[in-house]
Structure formats: C-alpha cells, structure tokens
Amino acid sequence: MKNPGDLALDCVRTLAPYVPGKPIEELQRELGLEDIIKLASNENPFGASKGALAAMQRAVADTWLYPDGSGHVLKQKLAAKLGVDSTQITLGNGSNDLLVMLAEAFLGPGLEAVYSQYAFAVYPIAVQATGAKGVVTPALAPDSPMPLGHDLNAMARAITPRTRVVFIANPNNPTGTWVPAADLHAFIAATPAHVLIALDEAYFEYTEGLGLQDGINWLREFPNLVVFRTFSKAYGLAGVRVGYAVSHPSVAGMLNRVRQAFNVSVIGLAGASAALDDTHHLASAVKVAVTERARVTARLEKAGTRVLPSAGNFLMVHVGEAQKRFEALLRRGIIVRPVGNYGLPEHLRVTLGTVDQNDRFLKAWEA
Ligand SMILES: Cc1ncc(COP(=O)(O)O)c(C=O)c1O
C-alpha cells in the first residue's frame, strides 16, 4: 500500500477539506509586510472584553487541571441569560464542534441532510464524514431580492423519509443573506417530526432590526429545533473556541454521548463566562459593525461594486476577477476571503473591521 491514507473510509477520502482564511503570519512570511489587517474570518476586530481577558489570564494558572467537563458555571450563566434550563445546553469547542456532534449523533449511511447551495462549508464536511448523503438545494437566483440566499421552498421539497437534519444558517456565511423570521417559522412548522432543524445563529448578535428570528424563543414550540451560537464572533473569542447548542434536553443528551469529555478548555470556559458579563463591550462592538455594514456597503456601491445584503459582520461582494483583486489587496497588506471553494469564483467576502481598517480597505479597493 503506497498511501496508507487511502485506507480511510470512502466518505472521508472524497471530502473537500475546509479552507480557512489566510493567517496574518503567513502573509508576513510571504511578502515581508509588517502592517497587515485580516478581514477574512469574521472575527471581532475589537477582540475580547477586558473582563474576559483578565479571567483568561487568571485561568492560565489552572491549565494543569482538566477543565470542568460539564461546564457547569458557563451553562448556568447561559441558562439564566437565555431563559432555558441548563439541561438544554451543550457546550462545544466552537459551534463547529457542535455541528459535527449533531451529525455524528443523528446521521449515518442511508440517511440524508439537507442544506442550501452556498451554505456554511462545515455542513457538507460534517454530514459526509458520517457516510450520510448531503442534499444540496439550489440557492435563490442572483437577481432575487435575497441573492444566493437559502430557498426554503426548495429545501422543504428536498425533505424525504430519509432526512434527519436540515441545516439553516440565518444569516448565512459566506453570503450574509437571511430568511425572514415568519418564513422560517412557517418552514419549521411544516417540517416533519423525524427531521431536526439545525438553526445556526453564529451571527445572531448582528441581526437586530432586520427581522430575523431569536431561535431560542421557538424551542418550546418545536422540540426538533436545535439552535447553535458562538463566542467566536461578537464576543471576540474565536481563538479559544467556545460555542453552544440549545435544544430539547433529549437532543442535548444525545450530543453529550458523542461529545469529547473535556471539549472546552479551562481558558475557554473562563473567557466565555466572563464575556457574558461585559455587555457594554459586546454592544459597542456590534454597534460599530452594524454602522460600518451600512457605510462600507454604500461606499462600495458608489464605486460600482455589487454588494449582497448582509445581516452579519461581513459583506459579500461581486467583483468579477476575484482572485486578482484578492492578490492586489494582499500586496497592500489586506487579507480578505476568496470564496471559490463555495463555487463563487467571482465574489470576495470581506469582514467588517474597525473604522480605520475599513477605511484602509476602501482606499485600497477604490485605488
Ligand atoms: C455560519 C457559521 N456557523 C458556525 C461557525 C463556526 O464558528 P465557531 O466554530 O468558531 O463557533 C461559523 C464560523 O465562521 C459560521 O460562519
């Protein structure tokens, strides 16, 4: 056997791996640039709050100990904040971990999961690795009011007796698009009970005023709903990897069976718990992102660039020769995200940074 890797399961060998944003250090090594800004992974440019940073620094002293595998303190705080029972919460090493746990627990050969074209790239990976079939529904047309967004009618039509999970990112990454709360509510109400709805609310904090759902309010009505949230975006904690799922306790019980015993680190637990108290930091970071979303969109449109509607902390722009534009920005020390791996070779995704960073991006764009 030449390549022992070929011994892997077919469903794994045929997977297209996740393509992350380009790290700052890599660009430093390649171009020898000093002043680099990364607008490529939808991180919060203001970072973690002071309280979260201090809590994580204190937690360093405890890193010789295994973390509390039940995440008791963080779960209690989340339960109180969200108005749910702590038995409904599952913690993850980022929400990515939880999406994988859901697939592991509920999918396998002979079963299907439905997601939209251009939906978040982790869904196909999580689904296919279990041996289940990923059923991709066509996205809304580029000239529709929500270009490239999820088409709920197409998704409903794709559900069969073999379907166990439907993934909906609202808003979606990388498109930024969303489905209105009323449409989503009707979709979930019409979904048969043998199907779990995985509602990914990674960008929940940025959606206010745009008519999206707060999925946690729907959990009583829909026992087959699972809501995913994260500390990676608005809370500025992407590097320590903490996310959570809120679901019916019986679903949480199944996720807990496949969860790695100590999946959230000592530092992650401390940082996330403290971050929940720093509501001011969260609100001010979100406010900048929301204001900048409108300002940067208007400036790009003025420069003749087509921008998709976004409910997230990022914009999807249509640029034609995206790879050339991406490389030109790299030479100016600005990392954005090509989305060719999503089948969108003519688009770039740009994370909203601080006002100064966005100005630097706009100047480079307009040059
Ligand atoms: C829609 C969506 N869901 C989930 C995630 C996973 O985030 P994390 O694992 O950092 O919580 C991301 C990250 O980019 C995302 O965009």
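Our structure's up above, just so we're on the same page.
Please read these numbers as outputs of a predicted model, since none were measured by experiment.

Enquirer: Where do I start with the packing of aromatic side chains in this structure?
Expert: Each pair of aromatic rings is reported with the distance of its centres and the angle of its planes. Under the definition given, this model contains 10 aromatic pairs. For the ring pair Trp-218 and Phe-222, a centre distance of 6.5 Å and an interplane angle of 85° mean the geometry is edge-to-face. The two residues Trp-218 and Phe-222 agree in class, both being buried. An aromatic cluster is defined as three or more aromatic residues linked by ring pairs; in this entry it consists of Tyr-18, Tyr-115, Phe-120, Tyr-123 and Phe-167. A cation sits over an aromatic face here: Arg-229 above Phe-204, 3.7 Å from the ring centre. Sitting over the ring of Phe-314, Arg-349 keeps its end group 5.7 Å from the ring centre.

Enquirer: Teacher, can you tell me more about the site of the ligand here?
Expert: The immediate surroundings of the ligand are formed by Gly-94, Ser-95, Asn-96, Phe-120, Asn-173, Asp-200, Ala-202, Tyr-203, Thr-230, Ser-232, Lys-233 and Arg-241. Between Thr-230 and the ligand, the recorded distance is 2.5 Å, taken from a side-chain N or O atom to an oxygen atom. Contacts to the ligand include Arg-241, whose side-chain N or O atom sits 2.8 Å from an oxygen atom. Here the ligand loses 93% of its free accessible area of 400 Å² to cover by the protein chains. Here the shell around the ligand gets three residues from one element, more than from any other, and that element is helix H5 (residues 94–106).

Enquirer: Please clarify how the environment of Ser-95 should be interpreted in this entry.
Expert: Note that Ser-95 resides in helix H5. A relative accessible area of 11% places Ser-95 in the buried class. In this structure, the C-alpha to C-alpha distance between Ser-95 and Tyr-244, residues 149 residues apart in sequence, is 6.0 Å. In this structure Ser-95 touches Phe-228, Arg-229, Thr-230 and Gly-243, once residues within four positions along its chain are discounted.

Enquirer: What is the right way to read the sheet that holds strand E3 (residues 112–116) from this model?
Expert: Each strand in a sheet pairs with its neighbour through backbone hydrogen bonds, running either in the same direction (parallel) or in the opposite one (antiparallel). As summarised here, the arrangement of the seven strands in space is E2-E8-E7-E6-E5-E3-E4, forming an open sheet in which the pairing is mixed. The open sheet has two edge strands, strand E2 (89–92) and strand E4 (133–137), and neither has a second partner. Geometrically, the sheet is characterised by an average inter-axis angle of 20° between neighbouring strands, direction not taken into account. This element, H5, spans E2, strand E5 (163–169), strand E6 (196–200), strand E7 (225–230) and strand E8 (243–246) of the sheet and lies at about 115° to E2.

Enquirer: What should I look at first to understand helix H4 (residues 72–82) in this one?
Expert: Every α-helix carries 3.6 residues per turn, so stepping three or four residues along brings you back to the same face. What H4 keeps buried is the set Leu-74, Lys-75, Leu-78, Ala-79 and Leu-82. The buried residues of H4 all sit within an arc of 130° when viewed along its axis, so they share a single face. Set apart from the buried face of H4 by more than 90 degrees, the exposed residues are Val-73 and Ala-80. Elements that come into contact with the buried residues of H4 comprise E2, E7, E8 and helix H10 (266–275). Where H4 terminates, the next one or two residues include Gly-83, which has phi positive at roughly 70°.

Enquirer: Please clarify how the packing of H5 against helix H9 (residues 249–258) should be interpreted in this entry.
Expert: Between two packed helices, what matters for the description is the angle formed by their axes and the separation of those axes. Relative orientation of the contacting elements H5 and H9 amounts to 95°, with a least axis distance of 9 Å. Judged on the interaxial angle alone, H9 and H5 are roughly perpendicular. Seen from H5, the contacting residues are Met-101, Leu-102, Glu-104, Ala-105 and Phe-106; seen from H9, they are Val-251, Met-254, Leu-255 and Val-258. For the contact of H5 with H9, the per-class residue count stands at eight nonpolar, no polar and one charged.

Enquirer: Would you take a moment to explain unusual backbone geometry for this structure?
Expert: The phi torsion of most residues other than glycine is negative, and most of the peptide bonds are trans. Here the residue pair Asn-170 and Pro-171 is connected by a cis peptide bond, since its omega of 5° sits within 30 degrees of zero. Tracing the sequence through the fold places Pro-171 in the loop between E5 and helix H8 (181–190). Here Asn-173 and Pro-174 are connected by a cis peptide whose omega angle stands at 15°. Within the element layout of this structure, Pro-174 appears in the loop between E5 and H8. In this structure, Asn-42 is a non-glycine residue whose phi angle is positive, near 55°. Here Asn-42 lies in the loop between strand E1 (37–38) and helix H3 (50–59). You can call Asn-42 buried: its relative accessible area is 0%.

Enquirer: In this structure, what is going on with the pairing of strand E13 (residues 344–351)? I would like to understand it.
Expert: Walk down a regular strand and you will see the side chains alternate between the two sheet faces. By the criterion of burial, E13 is predominantly enclosed, with six of the eight residues buried. Sheet analysis places strand E10 (residues 314–318) next to E13, joined by five bridges and oriented antiparallel. Residue pairing across strands places Met-316 opposite Arg-349, the latter belonging to E13. Relative to E13, strand E12 (residues 337–339) runs antiparallel, the two sharing three bridges. Within the sheet, the bridge partner assigned to Val-339 lies in E13 and is Leu-344. The antiparallel hairpin formed by E12 and E13 contains four residues in its connecting segment, where Gly-343 sits at a positive phi of about 80°.

Enquirer: Please clarify how the side chain of Ser-247 should be interpreted in this entry.
Expert: Relative to the assigned elements, Ser-247 resides in the loop between E8 and H9. Here the side chain of Ser-247 touches Ala-252 through a polar contact of 3.3 Å, landing on its backbone nitrogen. The residues contacting Ser-247, other than those within four sequence positions of it, are Gln-88, Leu-219, Leu-225, Val-226 and Ala-252.

What counts, and where the lines are drawn
Residues numbered from 1 in each chain as written. Predicted model: local features only at pLDDT ≥ 70, side-chain atom pairs only at ≥ 80, totals over all residues. Heavy atoms only, no water. Phe/Tyr/Trp six-rings, centres within 6.5 Å; stacked < 30°, edge-to-face > 60°. Buried < 20%, exposed > 50% of the residue type's maximum accessible area, 1.4 Å probe, protein only. Lys NZ or Arg CZ within 6 Å of the ring centre and 35° of its normal. Near = heavy atom within 4 Å. Polar contact = N/O pair within 3.5 Å; in protein donor to acceptor, adjacent residues only side chain to side chain. Areas by Shrake-Rupley, 256 points an atom, 1.4 Å probe, with all protein chains shown as cover. Helix = DSSP H or I, 4+ residues; strand = E, 2+ residues; numbered from the N terminus. Contact = heavy atoms within 4.5 Å. Pairing = 2+ DSSP bridges. Axes fitted to C-alpha atoms, helices over the stretch in contact; angles between N-to-C directions. Arc of directions from axis to C-beta. Parallel < 35°, antiparallel > 145°, perpendicular 65-115°, else oblique. Nonpolar A, V, L, I, M, F, W, Y, C, P; charged D, E, K, R; others polar.

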